[in-house]
Amino acid sequence: MRLILLTLYLLHIGLSLDEKPGFRVQVSQKGINYVRDVLLPLATDAIKTAKISDTENRVDSPIGHITFKVYNAKVTEVDISQTSVKLGSPSDVVATIQNAVLAVNADWHYRKDHWPNLSDQGRVEITASEISINLDLRIGTTDKGEPHVTSESCTFDVGNVDVTFHGGWSWLYNLFSETLSDSLKEGIQGQVCPLITDEVNNDLNSILNTLELQSDIDENCYIDYSLIQPPFVTKEALFVNGKGEIFDKSDPKECPSPKQDMPETVDSERMVTLWITEYMLNTAGYAYQTAGFLQYNLTSDDIPSDNPIKFKLTTDFFKFFVPDLHKAYPDKNLTLWIYATKPVLFNINKAGVSGRAEGTITWLVHVNDTLVPAFTLDAQLDLCVNLSVQLGGKSEIYLDLITVEPYIQLRSSNIGNFSISTLQTFLKFSRGIIKDFANSNLKHGIPLPAIDHVNFSGFDFQLDDGYIRIHSDIEYDPDDKVSAEREHHTLFEGGFKFEMKNKESWKEIDDMIGSDFLKEMLA
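Here is what the cut-offs are and how they apply
- Counting restarts for each chain, with residues numbered from 1 along the sequence as it is written.
- It should be noted that, the model being predicted, local features are given only for residues of pLDDT at least 70 and side-chain atom pairs only at 80 or more, the latter also being counted only at that level, while totals for whole chains, interfaces and linings use all residues.
- The side-chain quantities take in all heavy atoms of the structure and omit both hydrogens and water.
- Put simply, DSSP marks the helices as runs of H or I at least four residues long and the strands as runs of E at least two long, and each gets a number from the N terminus on.
- Summary of the burial criterion: residues with accessible area below 20% of their type's maximum are buried, those above 50% are exposed, and those between are partly exposed, where the area comes from a 1.4 Å probe applied to protein chains only.
- Pairs of residues are marked as contacts when any of their non-hydrogen atoms sit within 4.5 Å.
- All accessibility values rest on the Shrake-Rupley procedure with a 1.4 Å probe; residue burial counts only the protein chains present in the view.
- Think of a salt bridge as a Lys or Arg side-chain nitrogen and an Asp or Glu carboxyl oxygen that are within 4 Å of each other.
- In this description, strands pair whenever DSSP reports at least two bridges between them.
- Joining through side-chain atoms within 4.5 Å is the link that ties buried Ala, Val, Leu, Ile, Met, Phe, Trp, Tyr and Cys residues into a set, and such a set is a nonpolar core.
- Here, expected helix span is obtained from the residue count minus one, scaled by 1.5 Å.
- Throughout this description, a polar contact denotes any pair of N or O atoms lying within 3.5 Å of each other; where both atoms belong to protein, one of them has to be capable of donating a hydrogen while the other can accept it, and for residues adjacent in sequence the pair is counted only when both atoms sit in side chains.
- Across the chain, each position has a pLDDT score giving the predictor's confidence in that residue, from 0 to 100.
- Within 6.5 Å between ring centres, the rings of Phe, Tyr and Trp (the latter by its six-membered ring) count as paired, and their orientation is classed by plane angle as stacked under 30 degrees, edge-to-face over 60, tilted in between.
- The rule is short: NZ of Lys or CZ of Arg within 6 Å of the ring centre and within 35 degrees of the ring normal puts a charge over the ring.
- A fitted line through C-alpha atoms represents every axis, and for helices the fit uses only the stretch in contact; the resulting angles, taken between N-to-C directions, go from 0 to 180 degrees.

**Some thoughts on the overall build of the chain**
At step 1: Secondary structure assignment for the chain yields nine helices and 24 strands.
At step 2: Taken across its 523 residues, the chain has 48% of its residues classed as buried.
At step 3: Long-range pairs, those at least 24 residues apart, make up 70% of the contacts in the chain with a sequence separation of at least 6.
At step 4: Only carbon and sulfur atoms are counted for the fraction: they give 50% of the accessible area of the chain, which is about 26,000 Å².

**Things to note about the pattern of salt bridges**
At step 1: For the coordinates displayed, the defined rule picks out 16 salt bridges.
At step 2: The residue aspartate 251 makes a salt bridge to lysine 253 at a minimum N-O spacing of 3.5 Å.
At step 3: Classification of aspartate 251 by relative accessible area gives partly exposed; the value is 38%.
At step 4: According to the relative accessible area criterion, lysine 253 is partly exposed, its value standing at 40%.
At step 5: The salt bridge partner of arginine 469 is aspartate 464, with a shortest N-O separation of 3.5 Å.
At step 6: Taking relative accessible area as the criterion, arginine 469 reaches 5% and is therefore assigned buried.
At step 7: Assessed through its relative accessible area of 17%, aspartate 464 is described here as buried.
At step 8: What you see here is one network of salt bridges that share partners, running through Lys30, Arg270, Asp460 and Asp473.

**With respect to the sheet that holds strand E12 (residues 237-242)**
Two strands in a sheet stick together by hydrogen bonds in their backbones, pointing the same way (parallel) or opposite ways (antiparallel).
At step 1: A sheet is described by the order of its strands in space; here six strands give the open sequence E11-E12-E1-E14-E23-E22, paired in antiparallel fashion. Two strands bound the open sheet, and with one partner strand each, they are strand E11 (232-233) and strand E22 (454-464).
At step 2: Two elements, strand E1 (residues 23-28) and strand E14 (residues 272-277), share five bridges in a ladder whose sense is antiparallel. Within E14, the position partnered with glutamine 26 by the bridge is threonine 273.

**A short note on the nonpolar core**
At step 1: Counting 46 residues, the largest nonpolar core has Leu274, Ile468 and Ile470 as the members making the most contacts within it.
At step 2: The contacts of isoleucine 468, once residues within four sequence positions are left out, are Leu274, Trp275, Ile276, Ile348, Val353, Leu387, Phe461, Gln462 and Leu463.
At step 3: The next biggest cluster of nonpolar side chains, apart from the first, holds 33 residues, and it includes Ile133, Leu135, Val158 and Phe165.

**Some points on helix H5 (residues 278-290)**
At step 1: A rise of 1.5 Å per residue sets the reference length of H5, with its 13 residues, at 18 Å; its end C-alpha atoms lie 18 Å apart and thus fit the reference within 8%.
At step 2: Here H5 lies mainly inside the structure; 12 of its 13 residues are buried.
At step 3: Those residues of H5 that fall on the buried side of the exposure criterion are Glu278, Tyr279, Met280, Leu281, Asn282, Thr283, Ala284, Gly285, Tyr286, Ala287, Tyr288 and Gln289.
At step 4: Downstream of H5 by one or two residues, glycine 292 has phi in the positive range, about 85°.

**A few points about the side chain of glutamine 260**
At step 1: Topologically, glutamine 260 is positioned in the loop between strand E13 (245-248) and E14.
At step 2: Looking at glutamine 260, its side chain comes within polar contact range of the side chain of glutamate 278, at 3.4 Å.
At step 3: At 3.1 Å, the side chain of glutamine 260 and the backbone nitrogen of tyrosine 279 are in polar contact.

**What to know about the confidence of the model for the chain**
One rule of thumb: low pLDDT means the predicted coordinates there are not for detailed reading.
At step 1: Chain-level pLDDT for the chain is 78 on average; 78% of the residues reach the 70-or-more range.
At step 2: The least confident element of the chain is helix H9 (residues 515-522), whose mean pLDDT is 43; the most confident is E13, at 95.

**Some points on the packing of aromatic side chains**
At step 1: Within the structure shown, the criterion is met by 17 aromatic pairs.
At step 2: Aromatic pair tryptophan 275 and tyrosine 467: ring centres 5.3 Å apart, planes at 50°, arrangement tilted. On the criterion of sequence distance, the pair formed by tryptophan 275 in strand E14 and tyrosine 467 in strand E23 (residues 467-476) is long-range, its members being 192 residues apart.
At step 3: Pairing phenylalanine 317 with phenylalanine 318 gives two aromatic rings, centres 5.3 Å apart and planes at 80°, and the pair type is edge-to-face.
At step 4: Overall, phenylalanine 317 belongs to the buried group, its relative accessible area being 11%.
At step 5: Through a chain of ring-to-ring contacts, the aromatic side chains of Phe317, Phe318, Phe320, Phe321, Trp363, Phe375, Phe418 and Phe426 assemble into a single cluster.
At step 6: Residue placement shows arginine 469 over the ring face of tryptophan 275; its charged tip is 5.5 Å from the ring centre.

**Focus: unusual backbone geometry**
At step 1: The backbone of asparagine 72 sits at a positive phi, close to 55°, despite the residue not being glycine.
At step 2: By the element assignment, asparagine 72 lies in strand E3 (residues 64-79).
At step 3: One non-glycine residue with positive phi stands out, namely asparagine 99, at about 55°.
At step 4: Of note, asparagine 99 is situated in strand E5 (residues 92-112).

**Observations regarding the sheet that holds strand E10 (residues 221-224)**
At step 1: Across the sheet, which stays open at both edges, the three strands sit in the order E9-E10-E13 with antiparallel pairing between neighbours. Edge positions in the sheet fall to strand E9 (214-216) and E13, since each of these pairs with one other strand and no more. If you compare each strand with its neighbour and ignore which way they point, the axes differ by 30° on average.
At step 2: Across three bridges, the pairing between E9 and E10 is antiparallel. Considered in E10, the bridge of serine 215 is made with isoleucine 223.
At step 3: Strands in contact with H5 are E10 and E13; relative to E13, the strand with the most contacts, it is inclined by about 5°.

**As for helix H2 (residues 29-48)**
At step 1: With 20 residues, H2 extends 29 Å between its outermost C-alpha atoms, agreeing within 8% with the 28 Å of an ideal straight helix rising 1.5 Å per residue.
At step 2: Where H2 is concerned, the buried positions are Gly31, Ile32, Val35, Val38 and Thr44.

**Examining the environment of valine 365**
At step 1: Within the secondary structure layout, valine 365 lies in strand E18 (residues 352-367).
At step 2: Overall, valine 365 belongs to the buried group, its relative accessible area being 0%.
At step 3: Residues contacting valine 365, with those up to four places away along its chain left out, are Leu325, Tyr329, Lys332, Asn333, Leu334, Thr370, Leu371, Val372 and Ala374.

**Topic: the side chain of serine 395**
At step 1: Structurally, the position occupied by serine 395 is in the loop between strand E19 (370-391) and strand E20 (396-413).
At step 2: A residue is classified by how much of its surface remains accessible, and serine 395, at 4% relative accessible area, is buried.
At step 3: Residues within four places of serine 395 in sequence aside, it is in contact with Gln390, Ile446, Pro447, Leu448, Asn455 and Phe456.

Laid out in structure tokens, this is it:
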């Protein structure tokens, strides 16, 4: 049932026909075939355990009109030899079963309608063959944008019904069993489609409505994977477009960044392809910046006292880099107010993933329990970004900084105009520290859509202009939930591997800090 839900989740229709997606799922023919192959034994087991209603019919027989009842029926064999799943219009899925065989054992009883009111009872074996089922499902949404499935049509045909009686005067009844076959065929055909329709329209939708289309990233933001368009079909695959937008929980706002056009098809030997767009990443920067989360007061408490270069947030430490600051405020502690003035913007192309963060850094001096602003810098960080995927109980995407390139410019000063060249040099040689500090705040991943018992299996990455394609297979295990163990897959195998960082990361100093510079700085 859960795999059915996964399939329907990939297919359900959103509310807008023109909106471009931030997230896309492509299901290849290999993926569709896998879903079919997994559903087949599940459908067989469901039929074997299905409750069959008692049937009662009036039929003509050599002894006159009789009322014939079949009850306590149980399925003993199901043989489904031919199946197919075809994609019709953008919102239709047609499932077909052909040349199936169904065997049922049941109790029987009859009574002659007129005098003499003869009666008899026993067991009966009923074998229905050349069965075909065609089910047309319409995938849509509720007013709340939740997925909703409707059984548009259902046909169930039985080619032949063979009846063999046991008990009572069975030798006689078997002589006219063909007379009862047509009546039994009508009874079987009349029961199956209503059962399927009820299962889809009621039971399946009640489960489907429990799917969470929004997932928390952290206590501040969430990602919305609601679908925005009907799925569309090409010769190669099925495509589904989703919002793929990250929002601030307290005040959700649409990100104004432009969305990318994506081609309708891509070659892949995998079952599923996930498309992570540049826009999806930019909604994260927008959500966190507009919510005021991209600001930080850096104090001495954030820096371990035993760091290798004896770095301290004091005017004495920076006397080599900003002499005017030390001259105006000797032997004073500092606080740096780091504030993002613009959302972090990402760019994806065939060469890699890059980003840019812009903001201000205000240098505040501790004077008599008061923070006095000394000067403010305009700051820009050019980022080289690695993307990695963690698989496990919850599959997530992580963004990790490989390198950072800082640039600063004096914005305003209360200590007079001064050259920032030596401070710029310090920042360049401190790129490793800046990178580690930034990565320590990237500890939350972006959850990928998932359903219990369904797991992604392996990832291949492919970069293009405006998006990353992640190719994967899926595995279904009806007995076990997704493993809690985590696997790591990264876009750049030789690049920086994400780890949870803390203040200890300040001990890992970038190799580019040369010994000569250290000696000069600490003199």
